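# A structural walkthrough
One-letter residues, chain by chain:
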Amino acid sequence: MTVRRIKDPADSCADPVARALVAAAFATISSRYVVARHQIAAAVLDAEGGLHLGLHMDAMVGRAAVCAEAGALSAARLVTDAELVAVAAVRYPKPTEAAEARVVPPCGLCRELLLDHAPGLRAVVHDGTHAVLTPLDSLLPHKYVGTKWDASAPTNPAPHPPPEQEIAP
């Protein structure tokens, strides 16, 4: 049996924050990769130094799939209200592909979602030579701004306490 050696794409990161995020995403997808199930992992860094991971969840119905970045965003919001500062995603190669994992930018849907919750977020993208941090909004210059909430309001409003409930005897 031949063991494939997959190179860590963090080696292409000059910036220490980008390197740490890519390394965490690579370690996650390297240990959790399953053909046709999990192909991408993401790591989100918060302003307090917390690292939050997400795993791509594919589905038989493609629309039901969940991106790794959405999972990492959700994981972050479960444990902190801290500002989110950076995100990286790594795609693991299929067995039929060259044995190279690679940094991938968030898809358009994830760009919208991430910017809704972290307008100042930076993303690790590959510039052709190196993986670098870049403002996520530069990848989505015409972001949709809706009316569900005030876009100028804090991105991490204090959570509301659950309503008090009476428990019937």
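What comes next is a walk through the structure. (Residues numbered from 1 in each chain as written. Predicted model: local features only at pLDDT ≥ 70, side-chain atom pairs only at ≥ 80, totals over all residues. Heavy atoms only, no water.)

Across soluble globular proteins, you tend to see nonpolar side chains buried next to one another. L21, V22, I29, V90 and V124 are the most contacted members of the largest nonpolar core, which totals 24 residues. For this core, the secondary structure elements donating two or more residues are α1 (16-32), β1 (40-46), β3 (84-91) and β6 (131-135). Looking at which element gives the most residues to this core, the answer is α1, with 7 residues. Residue contacts for V124: discarding those within four places in its chain leaves A18, L21, V22, V87, A88, V103, V104, A131, V132 and L133. (Core = buried A, V, L, I, M, F, W, Y, C linked by side-chain atoms within 4.5 Å. Buried < 20%, exposed > 50% of the residue type's maximum accessible area, 1.4 Å probe, protein only. Helix = DSSP H or I, 4+ residues; strand = E, 2+ residues; numbered from the N terminus. Contact = heavy atoms within 4.5 Å.)

Put simply, helix α2 (residues 68-79) and helix α3 (residues 108-117) touch, their axes get as near as 10 Å, and they point 20° apart. By the criterion of interaxial angle, the relationship of α2 to α3 is roughly parallel. By crossing handedness, the relation of α2 to α3 is classed as left-handed. Listed contacts from α3 to E69, A70, L73 and R77 of α2 are C110, L113, L114 and H117. A per-class count over the contact of α2 with α3 returns 5 nonpolar, 1 polar and 2 charged. (Axes fitted to C-alpha atoms, helices over the stretch in contact; angles between N-to-C directions. Parallel < 35°, antiparallel > 145°, perpendicular 65-115°, else oblique. Left-handed = near helix turned anticlockwise from the far one by under 90°. Nonpolar A, V, L, I, M, F, W, Y, C, P; charged D, E, K, R; others polar.)

This next bit is on the side chain of T134. Relative to the elements of secondary structure, T134 occurs in strand β6. T134 gets classed as buried once you look at its relative accessible area, which sits at 17%. Only 3.5 Å separates the side chain of T134 from the side chain of S138, close enough to count as a polar contact. Residues contacting T134, with those up to four places away along its chain left out, are L121, R122, A123, V125 and L139. (Polar contact = N/O pair within 3.5 Å; in protein donor to acceptor, adjacent residues only side chain to side chain.)

With 17 residues, α1 should reach 24 Å at 1.5 Å per residue; the first-to-last C-alpha distance of 24 Å fits that figure. Among the residues of α1, those classed as buried are A18, L21, V22, A24, A25, F26, T28 and I29. For α1, the elements touching its buried residues are β1, β2 (51-55), β3, β4 (102-104), β5 (122-126) and β6. Regarding α1, its N-cap is D15, as a side-chain oxygen of that residue lies 2.8 Å from the backbone nitrogen of V17 further along. (Expected span 1.5 Å × (residues − 1).)

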